[in-house]
Amino acid sequence: MKDISKVMQILEKHLHYKKRTTLNRMRNTDPFKILISCLLSLRTKDNTTESVSDKLFKIASTPKQILKLPIKRLEKIIFSAGHYKKKARTLQHVSKEILTRFKGKVPITKEELLSIKGIGPKTANIVLCFAYNQIVLPIDTHCHRIPNRLGWVKTKTAEKTEKELEKILPKKYWLEFNGIFVLFGKTICQPVSPFCSKCLIRKYCKRIGVKKSR
Ligand code: SF4
């Protein structure tokens with residue numbers, strides 16, 4: 001527990017994550033835009049998500065406006081986000097659900113968010129955390145991999161990591177956990193060959209499963 005707090009403090013102090021990740025820059029802005037950006041971000045780089053979201057929101061930024069776009073036009077707008085056909089369908093389906101079932105407002109509970117096809121646990125938690133400041137843990141691939149390497153948890157899936165972290169991570173770090181670990185995972189503790197030689201938290205890390213490092 002002492003080490004966990006120390007690690008969080010070191011990373012928070014040195015990463016300046018608030019200015020460096022798209023979601024942190026969007027924090028507490030329009031929940032619908034946060035949701036749409038999150039859906040666009042799947043398997044896409046942060047910079048691309050940001051530019052595609054900007055492009056889309058200049059043309060359509062509400063459920064009604066996204067639904068009004070012909071699907072081919074929507075596909076063209078979001079093309080560079082990758083998987084554009086599937087994402088365009090998801091964006092329109094989610095917009096329709098929000099309009100018809102939730103009076104045009106992004107739901108505020110996890111159950112309701114998960115009841116919309118296309119929204120999974122990670123996206124739901126991101127909306128709750130970044131749009132509604134709820135104390136939840138959005139776990140993506142970085143937030144799953146790094147606590148396993150550190151030896152904080154021993155889990156095979158993001159869902160299990162979320163459950164285990166809920167038990168050991170002090171609540172005061174939950175809001176910032178995703179922003180910090182995503183940025184740390186992209187810059188230092190990278191998936192294949194992490195930069196352990198310049199890692200600020202190396203002395204707290206068990207480096208579990210790390211076969212190759214720089
Ligand atoms: S020491 Fe290496 S594996 Fe451990 S957190 Fe740092 S970069 Fe990741």
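The model shown is predicted, which means the values in this text are computed figures rather than measured ones.

So, how was this worked out
- Residues numbered from 1 in each chain as written.
- Predicted model: local features only at pLDDT ≥ 70, side-chain atom pairs only at ≥ 80, totals over all residues.
- Helix = DSSP H or I, 4+ residues; strand = E, 2+ residues; numbered from the N terminus.
- Rg over C-alpha atoms; globule rule 2.2 N^0.38 Å.
- Near = placed C-beta within 6 Å.
- Nonpolar A, V, L, I, M, F, W, Y, C, P; charged D, E, K, R; others polar.
- Domains from an automatic or database assignment.
- Expected span 1.5 Å × (residues − 1).
- Buried ≥ 20, exposed ≤ 12 C-beta atoms within 10 Å, placed from the backbone.
- Arc of directions from axis to C-beta.
- Axes fitted to C-alpha atoms, helices over the stretch in contact; angles between N-to-C directions.
- Parallel < 35°, antiparallel > 145°, perpendicular 65-115°, else oblique.
- Contact = placed C-beta atoms within 7 Å.
- Left-handed = near helix turned anticlockwise from the far one by under 90°.

A. Main features of the overall build of the protein. Scanning the protein from N- to C-terminus turns up 13 helices and zero strands. Ordered by position from N to C terminus, the α and β elements of the protein give α-α-α-α-α-α-α-α-α-α-α-α-α. In terms of C-alpha radius of gyration, the protein reaches 18 Å, essentially the compact-globule figure of 17 Å for 214 residues. Along the three orthogonal principal directions, the C-alpha set of the protein runs to about 55 × 30 × 30 Å.

B. Layout of the site of the ligand. Surveying the vicinity of the ligand reveals 14 residues, the closest of which are Cys189, Pro194, Cys196, Cys199 and Cys205. Residue composition of the shell around the ligand, by class: ten nonpolar, one polar and three charged.

C. Local environment of the domain arrangement of the protein. Examined at the domain level, the protein breaks down into domain 1 (2-20 + 137-204) and domain 2 (28-131). Computed from C-alpha coordinates alone, the two centres of domain 1 and domain 2 are separated by 26 Å. Secondary structure elements with two or more residues in the side of domain 1 that touches domain 2: helix H12 (158-168) and helix H13 (174-187). Residues that form the side of domain 1 that touches domain 2 fall into these classes: five nonpolar, one polar and two charged.

D. A look at helix H5 (residues 46-59). In this model, H5 (14 residues) spans 20 Å end to end at C-alpha, consistent with the 20 Å of a helix rising 1.5 Å per residue. Among the residues of H5, those classed as buried are Thr49, Val52, Ser53 and Leu56. Projected onto a plane normal to the axis of H5, the buried residues spread over an arc of 105° and lie on a single side. Turned more than 90 degrees away from the buried face of H5 sit Asn47, Asp54 and Lys58, all of them exposed.

E. Here's a closer look at the packing of helix H11 (residues 141-150) against H13. Between H11 and H13, the least distance of the axes is 8 Å, while the angle of their chain directions is 80°. The angle between H11 and H13 places the two elements in the roughly perpendicular class. Side by side, H11 and H13 meet where His142, Cys143, Arg145 and Ile146 of the first sit next to Phe177, Asn178, Phe181, Val182, Phe184, Gly185 and Lys186 of the second. Looking at the contact of H11 with H13 residue by residue, the classes come out as six nonpolar, three polar and two charged.

F. Quick look at the environment of lysine 103. Here lysine 103 is to be found in the loop between helix H8 (84-101) and helix H9 (110-114). Owing to 7 C-beta atoms within 10 Å, lysine 103 belongs among the exposed residues under this scheme. Separated by 60 residues in sequence, lysine 103 and lysine 163 place their C-alpha atoms 32 Å apart.

G. Here's a closer look at the packing of H11 against H12. In contact at an axis separation of 9 Å, H11 and H12 are set at 60° when each is read in the N-to-C sense. One way to sum up the angle between H11 and H12 is to call them oblique. Seen along the crossing, H11 lies across H12 with a hand that is left-handed. When H11 is examined against H12, the residues Cys143, His144 and Pro147 are found in contact with a partner set consisting of Ala158, Thr161 and Leu165. Of the residues belonging to the contact of H11 with H12, the class tally is four nonpolar, two polar and no charged.

H. Up close: H13. With 14 residues, H13 should reach 20 Å at 1.5 Å per residue; the first-to-last C-alpha distance of 21 Å fits that figure. Buried within H13 are the following residues: Phe177, Asn178, Gly179, Ile180, Phe181, Val182, Leu183, Phe184 and Gly185.

I. Unusual backbone geometry, seen in detail. At histidine 83, a position not held by glycine, the phi torsion is positive, near 45°. Note that histidine 83 resides in the loop between helix H7 (71-77) and H8. You can call histidine 83 partly exposed: it has 13 C-beta atoms within 10 Å. Phi is positive for arginine 207, which is not a glycine, with a value near 50°. Tracing the sequence through the fold places arginine 207 in the segment after H13.

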